[in-house]
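# Coordinate analysis (summary)
Now for the letters of each chain:
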Amino acid sequence: MENDKLVIAGHEFSSRFILGSGKYSLSLIEAAVKYAGAEIITCAVRRANTKEHENILDFIPKGVTLLPNTSGARTADEAVRIARLARELGCGDFIKIEIMRDTKYLLPDNAETVRATEILAKEGFVVMPYMYPDLNTARDLVNAGAATVMPLASPIGSNKGLATRDFIQILIDEIELPIIVDAGIGRPSQACEAMEMGAAAVMSNTALATAGDLPMMAEAFRKAVEAGRAAYLSGLGRVLVRGASPSDTLTGFLR
Amino acid sequence: MENQFFVDSEVLSEAALAKKHKLENDPSCRTDHMKYMEGQQQISSDIMQKVMSQVENYDPSVYTANDVMRALDKQNPSVEDLKALLSPAAEPFLEKMAERARIETRKHFGNTVYLFTPLYIANYCENYCVYCGFNCYNNIRRMKLTMEQIEHEMKVIADSGMEEILILTGESKTMSDVKYIGEACKLARKYFRMVGIEIYPVNVEDYKYLHECGVDYVTVFQETYDTDKYETLHLMGHKRVWPYRFEAQERALMGGMRGVAGSALLGLSDFRKDALASVLHMYYLQRKYPHAEISLSCPRLRPIINNGKINPQDVGERQLCQILCAYRIFLPFAGITVSSRESKTFRDGIVKIAATKISAGVSTGIGDHESKYTGKESDAEGDEQFEINDSRSFKQMYSDMSEEGLQPVLNDYLYV
């Protein structure tokens, strides 16, 4: 476990839990990072694009990698503009692409996401696209220069867990980039399950933001992610392998 | 007792008074409120038909406690469920509705509350809407701010810390034309991250122009969706045309606006029907324009200058709370704004249940921010549209909301 690192475009991280910074009190960000053991924290550029009064960026502890996101973008062009603004604001080169043309479910627009990834990867960004778990799109994202692929587990904020489980498994099995499960993870057990499946990391915001005790929930997520990762690395027992396994072998007659 | 809206001013000429009385007492002298006036763009849309067919068939009295419980059990309530939640049968379930609404609000918005302030730049009006302080027959101090005055007001507001502004005018196309409003919005972009407007409805081209000037959110209140009642309240002026107003939000979206808001003014007609219409209006708009950010308000009638007795009738705070919970349960992702028409106690409570945005540092008068914010006196001020209830400053609101455990958000927006 000690040498087990999450590697994103050459950057190494020990933590596999990515934390969101929206939806809760700015003064709690530091504690959330600490208890979650997070090394990456996301932040909406539109929240950071504010005047001096309580700028969210000032609340993010030093040493944590900032992952600005393009939420609010409705097209690839808007996402590209927001990403460039993030760079100008001093948010670094990491960018999480979020493009939504639907205000009800906030589902990502895969086609536009591929387009934005291609443009931003060429500009030297470390592009982490949020997407609906579709294998063809994931392959397009790889070809477009994405650093990771971030499929959604269920709609943002829904806390419904791994509604897209089987499709995320396909991405994990087929895509060589880190698969980071994003959105809809409502409880630590769901984060743990995603990690057991072989996800490279998990990202969560609402589940923590709306918990009764945010730091305690952050810690619970940290432990769950670590447990899931350890289970994955140790090789899960046969009972959890997909498909049935008859006790009398079918090929026993062969000599 | 029903609201008595008609007030005669001593300063009106005999001819003006005679015309006013004729408008009030002789329906035959009033124009057809369902017919578009010259220059009013007619778009092809089925939203009005969809909303109004539901509203016309809505009988709040037929719903039972069982219907309400079934609605509350559903993950995705239907329009029928919404009707049950807005009905009198739901009143005993208010606490349950609030619990459910709270969960939905937190899921979608977390522990945050957005703050904004309105800025009225002119109060001239060509309409005779009998309940409104700006109506053309009401004897108030009229004023239209110059660009210098607007900029001064904006500076005062921006200095307080506010980052989102809503620009309002009375409905006079002559005194405050689209160009004038557009220039004000360009100025607003200099001082604020987010600019919305609440002005008279305009055509798509004008919304496009205003969007280019920096506006991204358009609020239009339908006042009442009861067209017959509407006719008796909006006696003269372009606002008299009900369908043109109804289609304002859709024209705004066609003009490239990012989001729209709307509502009835509760207390004018049957509030359950008006609430149903308000929420369905936004619901069908978002279904047709899935990228649109939609938002609901919930204004209730308030007293105005020269008529301090105007009140919201049977829409008490419990009813208002029920309406807002129903809105939230049916449209978990929609913004809900609660203005300073409501009391401190109500607003402090409702932000924990359903509301996502509240105003602070509010004045509904013209050019009086400096005197209201700093106490520095000024004699050049225009009168208010209505009396506000919650007069907390931005600073006070920020600290009150923080104390309620909510993170005040001043800006969540990029003009792209």
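Please read these numbers as outputs of a predicted model, since none were measured by experiment.

Our next topic: the overall build of chain B. Within chain B, the secondary structure is distributed over 16 helices and 11 strands. For 416 residues, the compact-globule estimate of 2.2 N^0.38 gives 22 Å, and chain B sits close to it at 20 Å. If you line up chain B on its principal axes, its C-alpha atoms span 60 × 50 × 40 Å. Taking all 416 residues of chain B together, the buried fraction comes to 65%. For chain B, the exposed surface amounts to about 15,700 Å²; the carbon and sulfur share of it is 49%. Taking the 49 positively charged and 60 negatively charged side chains of chain B as two groups, their mean positions are separated by 3 Å.

Time to look at the overall build of chain A. Helix and strand counts for chain A stand at nine helices and 10 strands. Based on the C-alpha atoms only, the size of chain A along its principal axes is roughly 75 × 40 × 35 Å. Considering chain A as a whole, with its 255 residues, one finds that 55% of them fall into the buried category. Accessible surface for chain A amounts to roughly 11,500 Å². Of this, 50% is attributable to carbon and sulfur atoms. Side chains of chain A give 27 positive and 31 negative charges; the mean places of these two sets differ by 3 Å.

What follows deals with the packing of helix α6 (residues 147–160) of chain B against helix α7 (residues 178–191) of chain B. Residues and elements named next belong to chain B. It is the contact of α6 with α7, at a shortest axis distance of 10 Å, that shows an interaxial angle of 30°. You can see that α6 and α7 cross each other, and the crossing is right-handed. In this structure, α6 contributes M147, I150, E151, M154, K155 and A158 to the contact, and α7 contributes Y180, E183, A184, L187, A188, K190 and Y191. A breakdown of the residues in the contact of α6 with α7 according to their chemical character gives nine nonpolar, no polar and four charged.

Residues and elements named next belong to chain A. One can describe the packing of helix α5 (residues 135–144) onto helix α6 (residues 165–174) by two numbers: an axis separation of 10 Å at closest approach and a directional angle of 40°. By crossing handedness, the relation of α5 to α6 is classed as right-handed. Packed against α5, whose contacting residues are L135, A138 and R139, the element α6 presents I170, L171 and E174 at the interface.

This part takes up the interface of chain B and chain A. On the chain A side, the residues contacting the 30 residues of chain B number 29 residues. Across the chain B to chain A interface the summed buried area is about 2,700 Å²; carbon plus sulfur atoms make up 48%. The salt bridge involving B:D412 is made with A:R46; its shortest N-O contact spans 3.4 Å. At the junction of chain B with chain A, the criterion picks out eight residue pairs in polar contact (both at pLDDT 80 or more). Broken down by secondary-structure element, the contributors of at least two residues to the side of chain B that touches chain A are α5 (94–109), α16 (394–403) and β11 (407–409) of chain B. The dominant element in the side of chain B that touches chain A, judged by the number of residues it contributes, is α5(B), at four residues. Counted by class, the side of chain B that touches chain A contains 14 nonpolar, nine polar and seven charged residues.

Quick look at the pattern of salt bridges now. Throughout the structure, instances matching the rule amount to 46 salt bridges over all chains. Among the salt bridges present, the one from A:R74 reaches A:E78, with a minimum N-O distance of 3.0 Å. By relative accessible area, A:R74 is classed as buried at 14%. Assessed through its relative accessible area of 10%, A:E78 is described here as buried. Overlapping salt bridges bring together B:K344, B:R347, B:D348, B:D390, B:R392 and B:D400 as one network.

Approximately 490 Å³ is the volume found for the largest pocket. Forming the boundary of the largest pocket are 22 residues, of which A:Y105, B:Q75, B:N76, B:H108 and B:P332 lie nearest the centre. The leading source of residues in the lining of the largest pocket is α5(B), at five residues. Along the lines of polarity and charge, the residues of the lining of the largest pocket split into 11 nonpolar, five polar and six charged. Residue lining of the second largest pocket: 19 residues in total, with B:E2, B:N3, B:F5, B:K229 and B:L233 positioned closest to the centre. With three residues, helix α9 (residues 227–233) of chain B is the largest single contributor of residues to the lining of the second largest pocket. For the lining of the second largest pocket, a count of residues per class yields seven nonpolar, six polar and six charged.

Looking now at unusual backbone geometry. All names here are of chain A. If you check the backbone angles, L106 has positive phi at about 55° while not being a glycine. Locating L106 in the fold gives a position in the loop between β6 (94–97) and α4 (110–122). The phi dihedral of A183 is positive, around 75°, even though this residue is not glycine. Within the secondary structure, A183 is located in the loop between β9 (180–182) and α7 (188–197). The buried category is assigned to A183, whose relative accessible area is 9%.

Attention now moves to the nonpolar core. All names here are of chain B. Within the largest apolar cluster, 137 residues are counted, with the highest numbers of intra-cluster contacts made by Y131 and L324. Per-element tally for this core: the top contributor is helix α12 (residues 271–288), with 10 residues. The contacts of L324, once residues within four sequence positions are left out, are C298, I336, V338, F346, I350 and A354.

This paragraph deals with the packing of aromatic side chains. By the definition in use, this model includes 12 aromatic pairs over all chains. Geometrically, the ring pair formed by A:F17 and A:F221 is stacked, given 5.3 Å between the ring centres and 10° between the ring planes. One end of the pair, A:F17, is in strand β3 (residues 17–19); the other, A:F221, is in helix α9 (residues 214–234), and 204 residues separate them in sequence. Considered together, A:F17 and A:F221 belong to a single accessibility category, that of buried residues. With a centroid separation of 5.4 Å and an interplanar angle of 40°, the aromatic rings of B:W242 and B:F246 are classed as tilted. Of this pair, B:W242 and B:F246 both sit in helix α10 (residues 242–246), four residues apart, which is roughly one turn of the helix. Here a set of aromatic residues connected by ring pairs shows up, and it is made of B:Y225, B:W242 and B:F246. Positioned above the aromatic ring of B:Y180 is the side chain of B:K144, whose terminal nitrogen or guanidinium carbon lies 4.4 Å from the ring centre. One cation-aromatic arrangement involves B:R341 over B:F386; the distance from NZ or CZ to the ring centre is 3.8 Å.

On to the environment of B:K35. Mapped onto the secondary structure, B:K35 falls in the loop between α1 (14–25) and α2 (47–56). Here the alpha-carbon distance between B:K35 and B:P243, two residues 208 residues apart in the chain, equals 7.7 Å.

Residues and elements named next belong to chain A. Both faces of β6 are covered, namely the face carrying F94 and K96 and the face carrying I95 and I97. Here four bridges tie β6 to strand β7 (residues 126–131), and the two strands are oriented parallel to one another. Its bridge partner lying in β7, F94 is registered against V126. Taken together, β6, α4 and β7 constitute a β-α-β crossover, and its handedness is right-handed.

The rules behind these values
- Residues numbered from 1 in each chain as written.
- Chains lettered and ligands numbered in written order.
- Predicted model: local features only at pLDDT ≥ 70, side-chain atom pairs only at ≥ 80, totals over all residues.
- Heavy atoms only, no water.
- Helix = DSSP H or I, 4+ residues; strand = E, 2+ residues; numbered from the N terminus.
- Rg over C-alpha atoms; globule rule 2.2 N^0.38 Å.
- Buried < 20%, exposed > 50% of the residue type's maximum accessible area, 1.4 Å probe, protein only.
- Areas by Shrake-Rupley, 256 points an atom, 1.4 Å probe, with all protein chains shown as cover.
- Lys, Arg positive; Asp, Glu negative; His and termini not counted.
- Charge placed at Lys NZ, Arg CZ, Asp CG, Glu CD.
- Axes fitted to C-alpha atoms, helices over the stretch in contact; angles between N-to-C directions.
- Left-handed = near helix turned anticlockwise from the far one by under 90°.
- Contact = heavy atoms within 4.5 Å.
- Nonpolar A, V, L, I, M, F, W, Y, C, P; charged D, E, K, R; others polar.
- Buried area = accessible area lost by both parts, 1.4 Å probe.
- Salt bridge = Lys/Arg side-chain N within 4 Å of Asp/Glu carboxyl O.
- Polar contact = N/O pair within 3.5 Å; in protein donor to acceptor, adjacent residues only side chain to side chain.
- 1 Å grid on protein atoms, 1.4 Å probe; cavity = no way out; pocket = protein on both sides within 12 Å on 5 of 7 lines; lining within 4 Å.
- Points joined across faces, edges and corners; volume = space filled by probe spheres on them.
- Core = buried A, V, L, I, M, F, W, Y, C linked by side-chain atoms within 4.5 Å.
- Phe/Tyr/Trp six-rings, centres within 6.5 Å; stacked < 30°, edge-to-face > 60°.
- Lys NZ or Arg CZ within 6 Å of the ring centre and 35° of its normal.
- Pairing = 2+ DSSP bridges.
- Right-handed = clockwise from strand over helix to strand, strands pointing away.

Note that all results are geometric; they support no functional claim without further evidence.
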